[in-house]
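Structure at a glance
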Amino acid sequence: MCGITGFIDGTRGRSQAELAEIASRMAARILHRGPDDGGVWTDQAAGIALGFRRLAILDLSPTGHQPMFSRDNRLVIIFNGEIYNYQELRRELEAGGCQFQGTSDTEVMLAAIREWGIPKTVQLLNGMFAFALWDCAEHTLTLGRDRLGIKPLYYGWAGETFLFGSEPGVFVSHPDFAPTINRTALSRLLQYNYIPAPHSIYADVFKLPPASTLTIRASQPGSRPEPVAYWSAAEMAAEALANPFRGSPEEAVDALDEILRRSVRERMVADVPLGAFLSSGIDSSAIVALMQAQSSAPVRTFTIGFEQAEFNEADYARAIAGQLGTQHTEVTVTAQEMRDVIPSLPHMFSEPFADSSQIPTYLVSRIARQQVTVSLSGDGGDELFAGYNRYRWTNSAWRWMSRYPAGARRALSSWGQKISPAGWNRAFHALRPLTPPALRVSEQAEKWRKVLDVMGASSLEAAYHGMVTFWKDAPTRVPGPLGLADERLDPDFIAQLNDPVSQMMFMDLVTYLPDDILVKLDRAAMYASLEGRVPFLDDHRVVSFAWRLPIGYKLHPEGSKWALRRVLQRYLPDY
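All of the points below concern the structure found in this document. (Residues numbered from 1 in each chain as written. Predicted model: local features only at pLDDT ≥ 70, side-chain atom pairs only at ≥ 80, totals over all residues. Heavy atoms only, no water.)

Things to note about the overall build of the protein
Helix and strand counts for the protein come out as 23 helices and 17 strands. Rg of the C-alpha trace for the protein: 24 Å, near the compact-globule value of 25 Å for 575 residues, within the 12% margin. Expressed along its principal axes, the backbone C-alpha trace of the protein runs to roughly 75 × 60 × 50 Å. Counting all 575 residues of the protein, 56% fall into the buried class. The long-range fraction of contacts in the protein, counting pairs at least 24 apart against all pairs at least 6 apart in sequence, stands at 73%. Total accessible area on the protein stands at roughly 23200 Å², and carbon and sulfur atoms take up 52% of it. Separation of charge centres in the protein, based on 57 positive and 64 negative side chains, amounts to 5 Å. (Helix = DSSP H or I, 4+ residues; strand = E, 2+ residues; numbered from the N terminus. Rg over C-alpha atoms; globule rule 2.2 N^0.38 Å. Buried < 20%, exposed > 50% of the residue type's maximum accessible area, 1.4 Å probe, protein only. Contact = heavy atoms within 4.5 Å. Areas by Shrake-Rupley, 256 points an atom, 1.4 Å probe, with all protein chains shown as cover. Lys, Arg positive; Asp, Glu negative; His and termini not counted. Charge placed at Lys NZ, Arg CZ, Asp CG, Glu CD.)

Given below as structure tokens:
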């Protein structure tokens, strides 16, 4: 796990020393992503400069140093992430005559690109990655990012200078870059609490979309090619739903157990100490249980507790750790310790980000980093196995709302928007007897207000969009162009999905997951110089299999995430 950055100089007038000094300054902005080693490479004639910071995980020797050159010196790569099937790819390359100096996955990836090309190689990679590859013969720079967007990669322009980096903060260290606020991004931030791709907080700076590559030619300064997709979440979901798992429920649990065991086992490979976050939820408990079942020594687990009883789940995590026999670390954090993190957030995230769990995520990462360099996480379980309450709740609410004429719903919605939150709290007890049992949930007054806000929605997609919007009036509060349609969501494709819950899960898979959940984990963990691995997500075979499971194996009368719960029952008692 590392930090990468660089640029193609649009002025073509800087010396080798100037290029190196700028690249070093940019890399220094992400020192926390790679405190173990660093490197800079430049080619003054081409105007290219690459900067790198290394968190050493595999091959701790100098043969893992980056920037790394192919054996024929044609290709130069800087790479952030982990390729879990690199040993398999290495054996195939060696059978074809390739030779290797070290044991890193970076060297294998570089050899694969040299042998097979970028399009074929990215299709073969199983893992999480963001890379920049310079071709010395073609004078082209190619950026690439993993399928689900686990590892970040930003790119943009300052005049004719092309810049890229793991975090947008590196851009401000380049003398050509003049930061300007992207008002579209600001409006979306106020709506969702995060900035959706491809936008960033800066104008002319973009997130490279997941599952895509972008190639820049040094001979065409200022040109703006579009990213090219090499994998499609929509195609994956459509294929999975067209070929659903047809075995019995018990066979489905067997298959899920096997595929998750393999994913977890592959993610336990490291040349440094490794552990896992344990929050006491289904997802992290499943990951830890599968780790411990395949480890001869106690797995190191990490939990933070809170002084406020309503937020504290440390007792449950401690009980799970005791049952599984892990080497458990638990730390209770105070309100002051949480407040002390706040001044670091702008540097930690490099752009505005408003998921409140960013603070505990950083704190547990900081605690884990005292003992390990890699920590596995249960992120992605909710999105793949329908764990969020909002899936069940929005589905029930939409079924209820859609019984009534659209005109009546719009009128009721308009009336509901005029009532203050305090008024809703007063109305809560009066409305409760009229509420269908499926809609009786915690914080009902707030959710009822949300329901009436989206009563006039024309579709489930529009209703769900309203349900996940925090400040729907944000577009009217931000002067300037808005462009609020999410380019990643094709309404026609979403309408083709065979049930409402699948529609909501798909929307989260391509928006909320990469732009909120994975941003939070990457920035918070890497600010503590800790690598976070996500076995549910960085193996695309797990994602595809989860989508093949019938929805009844996820949302079940016994509870959400039914198949995953059944897997966990094999390792933990029901209680």
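Observations regarding empty space enclosed by the protein
Summed over all chains, the structure comprises six cavities of 30 Å³ or more. By volume, the second largest cavity is sized at about 70 Å³. Forming the boundary of the second largest cavity are 13 residues, of which Arg145, Pro152, Pro514, Val519 and Arg523 lie nearest the centre. (1 Å grid on protein atoms, 1.4 Å probe; cavity = no way out; pocket = protein on both sides within 12 Å on 5 of 7 lines; lining within 4 Å. Points joined across faces, edges and corners; volume = space filled by probe spheres on them.)

Looking at the sheet that holds strand E10 (residues 205-207)
Judged by pairing direction, the sheet is antiparallel, and its six strands sit side by side in the order E2-E3-E1-E9-E8-E10 without closing on themselves. Sheet topology places strand E2 (37-43) and E10 at the edges, where each strand pairs with a single neighbour. Between one strand axis and the next, the sheet turns through 10° on average, direction left out of account. (Pairing = 2+ DSSP bridges. Axes fitted to C-alpha atoms, helices over the stretch in contact; angles between N-to-C directions.)

A look at unusual backbone geometry
Residue Gln66 is joined to Pro67 through a cis peptide bond whose omega torsion reads 0°. Topologically, Pro67 is positioned in the loop between strand E3 (48-54) and strand E4 (68-69). The omega torsion across Ala197 and Pro198 is 10°, close enough to zero to call that bond cis. For Pro198, the location among the structural elements is in the loop between helix H5 (183-192) and E10. Phi angles above zero are rare outside glycine, and Asn193 is one such case at about 75°. One non-glycine residue, Ala386, lies in the positive phi region at around 60°.

Some thoughts on the pairing of strand E8 (residues 154-158)
In terms of residue burial, E8 counts as a mostly covered element, since five of its five residues are buried. Covered by surrounding structure in E8 are Tyr154, Gly156 and Ala158 together with Tyr155 and Trp157, the residues of both alternating faces. Relative to E10, E8 is paired through three bridges, and the arrangement is antiparallel. Bridge assignment links Tyr155 to a residue of E10, and that residue is Phe206. Where E8 meets strand E9 (residues 161-165), five bridges bridge the pair, whose relative direction is antiparallel. Directly across from Tyr154, in E9, lies its bridge partner Gly165.

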